[in-house]
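Summary of the model geometry
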Amino acid sequence: MHRLFLVHELLMIICEHLYDEDDIPNASKKALARLARTCKAFHAVALNALWSNLDGVAPLIQCLSAEVTRLCWRLPLGTAVVGIERAPRKAEWDIIQGYASRVRRLRVLNPLRPVEPSIILTLSRPPTTSPLFPNLRSLVWNDSRPQTMGFLKTLCGPLLASLTLDCSSTGTARWNAAASPILTAVPVICPAVKVITLPSGSPCPPISNMLLAWSHLEEVTCGEIDTVIFRHLAKQTYLRKLAFTLSQSISQSLTDHPPSPQTFSRLRELEVHAPELPSLIEFMQKLEIHPTSIRGQVDAGPTPCDMGAFFAFLTEHYVGVKPQKVSLQSLPSIRMPSAAQPPLLPPTGNQFNGRSSHTGIHGNDFMPLTQFGSINTLIIDVNCSIHLADDDLASLASAWPHLRTFSVNKTHGWVVKSDISQIGLLKVLQCCPRLQILCIAIDTDTFTEVPLDRPGGGVQNMNIRTIDFADSVIQPRATTVVAAFLSDVFPRLNEVTAWKSDRMRSRRDANSTSPTVYAIHWEGVSQQVKGMIRIRQQERRWRRSE
């Protein structure tokens, strides 16, 4: 063996690159397991990489003999649930502790590998006073069963830096009074926590009061909080990210007691869930901070006028500041009234004073944001129709050369038929070479035949793997032409999607065509793209071999 492989740091880098969560399922884990069995030099480093990120506690029990564990089949889906036949003996506990000591990031429950409560109860009572997971740095607690809350206390330790309490499946209502002292003790056991994520549902005092116990938080994600907690977070000198639900009491508190200049002095990412967009704008005006990442979620609206006010606020508020990420979304559970949810209109609609009579967001509404050349992410998904043409898209792309994410109404759809052709799409790719995520609606009627020359003179994007075309209408005659265009421009494209949300699928176009028909057509495009990309790869390989 080459002596370079005796360098511990080099082996760590190799194993870290080998462990890739986005590759073929379990392929990297199998490779690390084989590497650990290759020789003693690789053993410890490969096992550390293999167990560093543990999704569910089932593997800790399944590494024991069959006489300790059992599999039960949950009907009607036939899901295998891991259970335990008997308590582990000392030698078996040594195996569990040997692997658990290598875990640095843990999600307690994996929905694909569920475990019985008896597993959690067994692990919560190890036959030792030392921590079961002594090197744990990040914990996602997603077990809402009251009888397993004791395991949370077992997992917490002085080295834990990131804690997520995820009860999205059942909420915190199942946590009984016995859970309260455990939650209260968490900040005492884990004084080093810097990243905390709390449930966003109805406030639970033991959970929200945990925030008052930490003074060196860097990232906070939570639901609704009271003014006391908000004021406490405002004084956190290291806080760089805050995501919370805005309440009327906080807005009133800022009116009665204006914030000091040191409020949220280092905040760089702000995510606010507000009842409506004007409330969000008013809150940010009172706060007088300039985070580089702004994400808003609203329950009602917004109207096109609200959107214009939001864009105007950003241009006035961020003078001399460089925002990088701007996101605004309407919650999909709030449905737009039928009067504002018309069938798809022709590209130009009915003209009135030079603009479409259909109310919505137009290209001119986006133009104030072009003064921010620093923007790399723009996500808009609201209850408004979108009216963008090739010239609008070209102006936006030219202003944002660092753009990585551009997504417009992925859930709500553009409502009206798009004016964007392949010309506008190619312009975006030319101006934004780093683009990775793209969602727009396009006019597929402009795709009439497969050209002999390459589109855009050979313009390509090697970053985009999935592209979304919102509620773009497509006819069967255009599927092959669109697929040929996409397969050449996006050589690494894996999937083409459209008409994915329930909101869009519940709408019909002017010809009463079901959106499901368009979704099927786009699925056909996606399949053709995969085949064409494969054929192009073959041709290039053959050409090189000649």
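That block above? That's the structure.
Thresholds applied
- Residues numbered from 1 in each chain as written.
- Predicted model: local features only at pLDDT ≥ 70, side-chain atom pairs only at ≥ 80, totals over all residues.
- Heavy atoms only, no water.
- Salt bridge = Lys/Arg side-chain N within 4 Å of Asp/Glu carboxyl O.
- Helix = DSSP H or I, 4+ residues; strand = E, 2+ residues; numbered from the N terminus.
- Core = buried A, V, L, I, M, F, W, Y, C linked by side-chain atoms within 4.5 Å.
- Buried < 20%, exposed > 50% of the residue type's maximum accessible area, 1.4 Å probe, protein only.
- Contact = heavy atoms within 4.5 Å.
- Phe/Tyr/Trp six-rings, centres within 6.5 Å; stacked < 30°, edge-to-face > 60°.
- Axes fitted to C-alpha atoms, helices over the stretch in contact; angles between N-to-C directions.
- Left-handed = near helix turned anticlockwise from the far one by under 90°.
- Nonpolar A, V, L, I, M, F, W, Y, C, P; charged D, E, K, R; others polar.
- 1 Å grid on protein atoms, 1.4 Å probe; cavity = no way out; pocket = protein on both sides within 12 Å on 5 of 7 lines; lining within 4 Å.
- Points joined across faces, edges and corners; volume = space filled by probe spheres on them.

Here we take up the pattern of salt bridges. Where charged atoms of side chains with opposite charge meet at close range, the side chains can pair. Under the criterion given, the structure shown has 17 salt bridges. Arg 89 is the salt-bridge partner of Glu 67, the closest N and O atoms lying 3.8 Å from each other. In this pair, Glu 67 is assigned in the loop between helix 4 (58-62) and strand 2 (69-74) and Arg 89 in the loop between strand 3 (79-84) and helix 5 (90-100), connecting sequence segments 22 residues apart. Through salt bridges with shared partners, one network takes in Glu 67, Arg 86, Arg 89 and Glu 92.

The next point concerns the environment of Phe 42. Counting through the fold element by element, Phe 42 comes out in helix 3 (residues 40-51). As a C-alpha pair, Phe 42 and Met 12 span 30 residues in sequence and 9.4 Å in three-dimensional space.

Time to look at the nonpolar core. By size, the foremost hydrophobic cluster in this structure holds 155 residues, and its most contacted members are Phe 244, Phe 283 and Phe 406. Every residue in contact with Phe 244, bar those within four places of it in the chain, is listed here: Cys 222, Gly 223, Ile 225, Phe 230, Ile 250, Leu 270, Glu 271, Val 272, His 273 and Phe 283.

Scanning the entire structure with this criterion turns up 12 aromatic pairs. Members of the aromatic cluster, joined through ring pairs, are Phe 230, Phe 244, Phe 264 and Phe 283.

Closest axis-to-axis distance for the helix 11 (residues 248-256)/helix 12 (residues 277-287) pair is 10 Å, and the angle between their directions is 35°. By crossing handedness, the relation of helix 11 to helix 12 is classed as left-handed. For the pair helix 11 and helix 12, contact is made by Ile 250, Ser 251, Leu 254 and Thr 255 and by Phe 283, Lys 286 and Leu 287, respectively. Within the contact of helix 11 with helix 12, the residues separate by chemical class into four nonpolar, two polar and one charged.

The tally for this structure, following the rule as stated, stands at two cavities of 30 Å³ or more. Lining the largest cavity are Leu 393, Leu 396, Ala 397, Trp 400, Leu 403, Phe 406 and Val 428. Among the elements that make up the lining of the largest cavity, the one with the highest residue count is helix 15 (residues 390-399) (three residues). Within the lining of the largest cavity, the residues separate by chemical class into seven nonpolar, no polar and no charged. Every residue along the wall of the second largest cavity is listed here: Gln 460, Ser 487, Asp 488, Pro 491, Ile 533, Arg 536 and Arg 540. Listing elements by their share of the lining of the second largest cavity, those giving two or more residues are helix 17 (479-489) and helix 19 (515-545). Counting residues per element, the lining of the second largest cavity draws most heavily on helix 19, at three residues. Residue classes in the lining of the second largest cavity are distributed as two nonpolar, two polar and three charged.

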